[in-house]
Amino acid sequence: MDNQTEVRKFILLGLSNVQGLQKFLFMLFLLLYLSTLLGNMAIMIVVVCEPRLHTPMYFFLCNLSCLDIFFSTVTVPKMLAGFLSGHQGISYTGCLSQLHFSYFVGSSEALLLAVMAYDRFVAICNPLRYTLIMSPRACLQLAVGTWTTGFLHALMHTVMTSRLHFCGPNHIQHYFCDIKPVVRLACSSSQLNLNLLNTITGSLAIGPFVFILFSYLYIFSFLRLKVQSKEGRRKAFSTCISHLTVVALFYVPVIFNYVPPSLENSPRWTMIATVMYNVVTPVLNPLIYTLRNVEVKRALKRRLFTRELLAQKMFCLAACVG
């Protein structure tokens, strides 16, 4: 091992090495990334500025939008730069940093979706105690807990990956530094890394997902048996379906990637699944919550479109005076 060269730089092979696709992929992912930024920033601005949305549900939605922005920002700008330059090199330190922040944000989002399911469970099944259980302090503690757990989970993988020795091939079959393709290149034993990936990361994927499913099974049973008002059922179902759609878009590809205990998944299918929860889902989340949520749509119209019309009127007035 002492006579072998230590790898200090990796080459990301990316989504495709076909030259004719590079410009198309650049434009596609640039559009998706800008949509992620604009959509999620709009949600955050509206939630902060609109007093009617200062509730636990929208507080957690604001956290979700923040995580979605970070999630895409960790990987997409580097991928866009690679499309332009045709070379997707990344330093050893940059690779570890990208690995850390992608797992930090991803695991935090997985836990946050479970917290949002718990919020809906309390709001629908125990409405009289909702304000007591989901107090501002409790909401803050839940949010801090999800971010802290995600950070510690990512730190574990980062430290364990940094202990591996890389001395041979440096071509990563992915568009960012994910653990599975990185540990494939290690010269030293990576069995402990894989065991942690299968047990800890697998548990972080399956545990919250099972909790969400049982929560909604109870919620739907409660609505069917206890709630007689059709309007009450419709409103409750509307918020639940939005959240369940986001859960499905996020968890299905995550479980596909991290629950199987084998490294033998096809790199192409692994990248497709990763693109789904890393790039596509952050774009769709604002649309899902906006299109199915009357309160958010009204707030967007008041906060965004009203100011735009006011600016137009001021511009016309200034033109007339001039």
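Naming follows an unreviewed UniProt entry, where the chain appears as Olfactory receptor of Apteryx mantelli. Entered under Subcellular location (unreviewed entry) in the UniProt record, the comment concerning the chain runs "Cell membrane". The UniProt entry for the chain carries this comment under Sequence similarities (unreviewed entry): "Belongs to the G-protein coupled receptor 1 family."

S.K.: Please explain the overall build of the chain as it appears in this structure.
M.R.: Along its length, the chain carries ten helices and three strands. When the elements of the chain are put in sequence order from the N terminus, they spell out β-α-α-β-α-α-α-β-α-α-α-α-α. Each of the 322 residues in the chain was classed as buried or not, and the buried ones make up 48%. Nonlocal contacts in the chain, meaning residues at least 24 apart in sequence, comprise 80% of its contacts between residues at least 6 apart. With an accessible surface of roughly 16700 Å², the chain has 69% of that area assigned to carbon and sulfur atoms.

S.K.: How should helix H7 (residues 191-226) be read in this particular structure?
M.R.: Each α-helix turn comprises 3.6 residues. Residues three or four places apart therefore point the same way. With 36 residues, H7 should reach 52 Å at 1.5 Å per residue; the first-to-last C-alpha distance of 51 Å fits that figure. At Ser203, H7 is deflected by roughly 30 degrees, the largest bend along its length.

S.K.: Help me out: how do you make sense of the packing of aromatic side chains in this one?
M.R.: Centre-to-centre distance and the angle between the planes together describe a pair of aromatic rings. All chains considered together, the criterion is met by 15 aromatic pairs. The interplanar angle of 90 degrees and the centroid separation of 5.4 Å between the aromatic rings of Phe10 and Phe166 together place this pair among those described as edge-to-face. Here Phe166 lies in the loop between helix H5 (136-162) and strand E3 (171-172) and Phe10 lies in strand E1 (residues 9-12), a separation of 156 residues in the sequence. With relative accessibility at 1%, the residue Phe10 sits in the buried group. On the basis of relative accessible area, Phe166 is assigned to the buried category, the value being 2%. With 6.1 Å between their ring centres and 70 degrees between their planes, Phe250 and Tyr277 make a pair best called edge-to-face.

S.K.: Sorry, what's going on with the sheet that holds strand E2 (residues 89-91) here?
M.R.: Pairing between sheet strands relies on hydrogen bonds along the backbone, with the strands arranged either parallel or antiparallel. Strand order in the open sheet formed by three strands is E2-E1-E3, with mixed pairing between adjacent strands. Since the sheet does not close on itself, it has two edges, and those belong to E2 and E3, each with one partner. Where E1 lies against E3, two bridges are found, and the strand directions are parallel. The partner of Ile11 across the bridge, within E3, is His171. Helix H3 (residues 92-125) rests against E1, E2 and E3 of the sheet, and its axis sits at about 90 degrees to E2.

S.K.: Would you mind going over a nonpolar patch on the surface with me for this structure?
M.R.: A surface patch of nonpolar side chains, amounting to about 330 Å² of accessible area, comprises Phe151, Leu152, Leu155 and Val159. Mapping Phe151 onto the fold places it in helix H5.

S.K.: How do you make sense of the pairing of E1 when you look at a structure like this?
M.R.: The two faces of the sheet receive side chains in turn, since in a regular strand these alternate between them. With three bridges joining them, E1 and E2 adopt antiparallel strand pairing. Within the sheet, the bridge partner assigned to Ile11 lies in E2 and is Gly89.

S.K.: Is there a simple way to think about the pattern of salt bridges in this case?
M.R.: A side chain of one charge can pair with a side chain of the opposite charge when the charged atoms of the two come close. Evaluation of the coordinates by the stated rule reveals one salt bridge. In this structure, Arg120 engages Asp119 in a salt bridge whose closest nitrogen and oxygen atoms are separated by 3.0 Å. Here Arg120 falls in the buried class, since its relative accessible area comes to 11%. Owing to a relative accessible area of 1%, Asp119 belongs among the buried residues under this scheme.

Rules used in this analysis
Every chain is numbered on its own, with residues counted from 1 as its sequence reads. Per-residue local features are limited, in this predicted model, to residues with pLDDT of at least 70; the limit for side-chain atom pairs, both in listing and counting, is 80 or more; totals at the level of whole chains, interfaces and linings are taken over all residues. Note that the side-chain values use all heavy atoms of the structure and ignore hydrogens as well as water. UniProt positions are given in the numbering used here, feature names are shortened, and annotations may be inferred rather than shown by experiment. Helical segments are the DSSP runs of H or I of at least four residues, strand segments are the runs of E of at least two, and each set is numbered from the N terminus. The classification of residues rests on relative accessible area computed with a 1.4 Å probe and restricted to protein chains. Under 20% of the type maximum is buried, over 50% is exposed, and intermediate values are partly exposed. Should any heavy atoms of two residues lie within 4.5 Å, those residues are considered in contact. Reported accessibility uses the Shrake-Rupley method at a 1.4 Å probe radius. Residues are deemed covered only where the shown protein chains occlude them. Expected span of a helix, by definition, is 1.5 Å for each gap between consecutive residues, and there is one gap fewer than residues. Fitting axes to the seven residues that end at a residue and to the seven that start at it, the angle between those axes gives the bend at that residue. A pair of aromatic rings is counted whenever rings of Phe, Tyr or Trp (Trp by its six-membered ring) have centres within 6.5 Å, and the orientation is called stacked for planes under 30 degrees apart, edge-to-face for over 60 and tilted otherwise. The pairing criterion is simple: DSSP has to find at least two bridges between the two strands. Fitted lines through C-alpha atoms give the axes, limited to the stretch in contact for helices. The angle between two N-to-C directions lies from 0 to 180 degrees. A patch consists of residues exposed above 30% relative accessible area that lack any salt bridge, with like charges linked at up to 9 Å and nonpolar side chains (Val, Leu, Ile, Met, Phe, Trp, Tyr) linked at up to 5 Å. Salt bridge, as applied in this entry: a Lys or Arg side-chain nitrogen positioned within 4 Å of an Asp or Glu carboxyl oxygen.

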